[in-house]
Amino acid sequence: QKVSVEVLDHLEHLALVDFRDSEGVERLQKAIQFADQLLEVNTDGVEPMDSVLEDRWCLYLREDDVTEGNCTKELLENAREKVEEYFVAPPGNIPLSKLEERETFLQGS
């Protein structure tokens, strides 16, 4: 099953992943084939689950006790760029090739 240029473009924007090489496209196609197996499973009469732990009456949560802290300076030393006391994230999405370039590439895969 081939992946269309439009689907590839949409997935790249959603996941911020670059599928420009044949290995990436092949891996994506294999993942889709694997997921398609789920469509063959008969789920008639099966109630949707709210949780994978449905057999438990309640979930046991730990107390949220702060054991360390006040380490802002040490954490900000890891930042490549910062403004005041905040990390600066890269702007926007990763640059992606034009649709025509990917269409040419996909024809060869």
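Everything discussed here concerns the structure shown above.
In what follows, the accompanying structure is described.

Thresholds applied
- Residues numbered from 1 in each chain as written.
- Predicted model: local features only at pLDDT ≥ 70, side-chain atom pairs only at ≥ 80, totals over all residues.
- Heavy atoms only, no water.
- Helix = DSSP H or I, 4+ residues; strand = E, 2+ residues; numbered from the N terminus.
- Buried < 20%, exposed > 50% of the residue type's maximum accessible area, 1.4 Å probe, protein only.
- Arc of directions from axis to C-beta.
- Salt bridge = Lys/Arg side-chain N within 4 Å of Asp/Glu carboxyl O.
- Expected span 1.5 Å × (residues − 1).

The backbone phi angle of Asn70 is positive, close to 55°, even though this residue is not glycine. One can find Asn70 in the loop between helix H2 (22-36) and helix H3 (72-76). With relative accessibility at 81%, the residue Asn70 sits in the exposed group. In this structure, Glu84 takes a positive phi of about 55° despite not being glycine. If you trace the backbone, Glu84 turns up in the loop between strand E1 (82-83) and strand E2 (86-87).

This part is about helix H1 (residues 5-15). For H1, every residue scored as buried is listed here: Val5, Leu8, Asp9 and Glu12. One face of H1 carries all of its buried residues, which in axial projection span an arc of 100°. Along H1, exposed side chains directed more than 90 degrees from the buried face belong to Glu6, His10 and Leu14. One or two residues past the end of H1 sits Leu16, with phi positive at roughly 55°.

Attention shifts here to the pattern of salt bridges. As enumerated under the stated definition, the model contains two salt bridges in all. The salt bridge partner of Glu23 is Arg27, with a shortest N-O separation of 2.7 Å. Within this pair, Glu23 and its partner Arg27 are both found in helix H2, separated by four residues, close to a single helical turn. In this structure, Lys30 and Glu26 form a salt bridge, with 3.4 Å as the shortest nitrogen-oxygen distance.

Turn by turn, an α-helix covers 3.6 residues, leaving residues three or four places apart pointing in a common direction. If you check H2, its first and last C-alpha atoms are 21 Å apart, about what 15 residues at 1.5 Å a residue would give, namely 21 Å. Listing the buried residues of H2 in full gives Gly24, Val25, Leu28 and Gln29. End-on view of H2: buried residues confined to an arc of 135°, all on one side of the axis. Turned more than 90 degrees off the buried face of H2, the exposed positions are Arg27, Lys30 and Phe34.

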